[in-house]
Amino acid sequence: MAERRGLDGSRVLVTGGAGFIGSNFVHHFLGRFPASHVVVLDALTYAGRRENLDGIPARSLTFIHGDIRDPAAVAQAMAGCDIALNFAAESHVDRSIETPGEFIQTDVFGVFVLCEEARRVGLRRFIQVSTDEVYGEVLEGHSTEDWPLNPRSPYAASKAGGDRLAYAYWATYGLPVVVTRCSNNYGPRQYPEKLVPLFVTNAIDDEPLPVYGTGQNRRDWLHVEDHCAALVALLEHPGIEGETFNIGAQHELDVLAITGTILKLLGKPASLVRHVEDRPGHDRRYAVDSSKLARLTGWKPAIAFEDGIRRTVEWFRQNEAWWRPIKAGEFRAYYERMYGQRKVLKEAGA
Ligand code: NAD
Ligand code: TYD
């Protein structure tokens, strides 16, 4: 059983801490445990932004620009830490369809490098941040943690590899691993390739909103702050090594419903909606049952979707200085590759 030492005053490694969820976690965690110290190891890929950590006091943060696939960088970052959370990943399904090799490298091999070093230094907890996408599409009901894994995109398959590899390090070597499988997050600092920030920023600029296929694909939407709170609850809980926890909001919406909400909040017309050729292998629905987490820790989502999405839209409205340079950089070429040649199925109102 994990020794209960409390989190304040701990030294925590956050890999991928310059990305969307990782950086929100660093802000959340240090807000609650200001006497702790966070070490961020991040390769600053297209998705990693150093400025996502602006505002964190220098005394609370060590930032290391390095790769989780590099044992020397991992050893440097993990030295002296008692806890680690791995957020580092290639995380976008559409990019995994384009370049699957990078996903296998980071999301599987990178987890191996982290687990090896964690075993050597003797961490008291290692959280592998996995995803509900490892279950594949769940057409009916809600997947519990013992549901079969049936990943259907290179992203989901590589996450499933990292998820089970971390578990194997618990089963084989006793590494104190906890695996989490969260549903779709939304919130501030999300890279604008993902549905919510892409549609919000496109709509602000009166650009079309490219809905894949029918727009009836369903996801369970959780505000990133609620995800962070769930992770803290799991960090604090003793005796759960080797276990897996779903994290979800029980707030299912399809793409058209999200699109409508964004347009309404921004006061933009439905004519911006454009149905385009579908994503290959597009999972129709994800839905997790997170009652195991709720039973054990009492966690439940605190942010209602209507409130969370309103605050998120407002964040993007107020922080153009964050996303405009992103959309002007590497993103432009990506957008052209991904959407430029895509067949238009239906213009709104057609
Ligand atoms: P993101 O793409 O915004 O950020 C990923 C971060 O990892 C970036 O800062 C990037 O620079 C870094 N990174 C990538 N490869 C690296 C490497 N080889 N070494 C070191 N750093 C590297 O992703 P996100 O949306 O913040 O997701 C974070 C984690 O949560 C991922 O593991 C993802 O699979 C998981 N997850 C995401 C969601 C979601 O809705 N976004 C839901 C469930 C689980
Ligand atoms: P996304 O944010 O890529 O997350 P996921 O990993 O769940 O696929 O996409 C969320 C949903 O939105 C998914 O059903 C695909 C859809 N989508 C579009 O319709 N158009 C888009 O341009 C994007 C990026 C996503």
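Further up the page is the structure itself.
Residues numbered from 1 in each chain as written. Chains lettered and ligands numbered in written order. Predicted model: local features only at pLDDT ≥ 70, side-chain atom pairs only at ≥ 80, totals over all residues. Heavy atoms only, no water.

A.B. asks: Tell me about the site of ligand 2, and name the residues and values.
C.D. replies: The local shell around ligand 2 holds 19 residues, among which Glu-133, Arg-219, Arg-279, His-282 and Tyr-339 are the closest. In this structure, His-282 approaches ligand 2 through a side-chain N or O atom, which is 2.7 Å from an oxygen atom. Relative to its unbound accessible area of 510 Å², ligand 2 is 97% covered by the protein chains. Looking at the shell around ligand 2, the elements that each hand over two or more residues are helix H6 (195-204) and strand S8 (209-212). Looking at the shell around ligand 2 residue by residue, the classes come out as 10 nonpolar, 4 polar and 5 charged. (Near = heavy atom within 4 Å. Polar contact = N/O pair within 3.5 Å; in protein donor to acceptor, adjacent residues only side chain to side chain. Areas by Shrake-Rupley, 256 points an atom, 1.4 Å probe, with all protein chains shown as cover. Helix = DSSP H or I, 4+ residues; strand = E, 2+ residues; numbered from the N terminus. Nonpolar A, V, L, I, M, F, W, Y, C, P; charged D, E, K, R; others polar.)

A.B. asks: Give me the pattern of salt bridges: which residues, what numbers.
C.D. replies: The full count for this structure, using the stated rule, is 25 salt bridges. In this structure, Asp-67 and Arg-69 form a salt bridge, with 2.7 Å as the shortest nitrogen-oxygen distance. Residue classification places Arg-69 among the partly exposed positions, given a relative accessible area of 29%. Across the salt bridge formed by Lys-194 and Glu-193, the nearest N and O atoms sit 3.5 Å from each other. Take Glu-193: its relative accessible area is 2%, and that puts it in the buried class. (Salt bridge = Lys/Arg side-chain N within 4 Å of Asp/Glu carboxyl O. Buried < 20%, exposed > 50% of the residue type's maximum accessible area, 1.4 Å probe, protein only.)

A.B. asks: With reference to specific residues and values, describe the packing of aromatic side chains.
C.D. replies: Within this structure, the stated rule accounts for 17 aromatic pairs. Residues Phe-103 and Tyr-155 carry aromatic rings whose centres are separated by 6.3 Å and whose planes lie at 80° to one another, so their mutual orientation is edge-to-face. Residue Phe-103 is located in helix H4 (residues 100-121), and its partner Tyr-155 is located in helix H5 (residues 154-173); the two are separated by 52 residues in the primary sequence. Relative to Trp-322, the ring of Phe-316 lies with its centre 6.1 Å away and its plane at 75°, an arrangement referred to as edge-to-face. Taking the relative accessible area as the measure of exposure, Phe-316 reaches 0% and is therefore buried. A relative accessible area of 10% places Trp-322 in the buried class. Members of the aromatic cluster, connected to one another through ring pairs, are Tyr-46, Tyr-191, Tyr-212, Phe-331, Tyr-334, Tyr-335 and Tyr-339. The cationic tip of Arg-95 hangs over the ring face of Tyr-46; the distance from NZ or CZ to the ring centre is 3.6 Å. (Phe/Tyr/Trp six-rings, centres within 6.5 Å; stacked < 30°, edge-to-face > 60°. Lys NZ or Arg CZ within 6 Å of the ring centre and 35° of its normal.)

A.B. asks: Account for the nonpolar core, with residues named and values stated.
C.D. replies: Of all hydrophobic cores here, the largest spans 37 residues; its most connected members are Val-14, Phe-25, Phe-29 and Leu-85. Those elements that place two or more of their residues in this core are strand S1 (11-15), helix H1 (20-32), strand S2 (37-42), strand S4 (83-86), strand S5 (125-131), strand S6 (177-182), helix H7 (224-236) and strand S10 (244-247). Of the residues forming this core, the biggest block, 8 residues, is contributed by H7. With residues near it in sequence (within four places) discarded, Phe-25 still touches Val-14, Leu-85, Phe-87, Cys-228, Leu-231, Val-232 and Leu-235. Residues Val-200, Tyr-212, Leu-266 and Val-273 belong to the second largest nonpolar core, which totals 34 residues. (Core = buried A, V, L, I, M, F, W, Y, C linked by side-chain atoms within 4.5 Å. Contact = heavy atoms within 4.5 Å.)

A.B. asks: Any details on the sheet that holds S2? Residues and values, ideally.
C.D. replies: Sheet strands pair via backbone hydrogen bonds, and the direction of the pair is either parallel or antiparallel. Sheet architecture is open: 7 strands sit in the order S3-S2-S1-S4-S5-S6-S10, paired in parallel fashion. Bordering the open sheet on either side are strand S3 (61-65) and S10, each of which pairs with just one other strand. Each neighbouring strand pair of the sheet contributes to a mean axis angle of 20°, computed without reference to strand direction. Sheet topology places S5 next to S6; 6 bridges connect them, and they run parallel. Along S6, the bridge assignment pairs Thr-131 with Cys-182. Each of S1, S2 and S3 touches helix H2 (residues 71-78); the most contacted strand, S2, lies at about 170° to it. (Pairing = 2+ DSSP bridges. Axes fitted to C-alpha atoms, helices over the stretch in contact; angles between N-to-C directions.)

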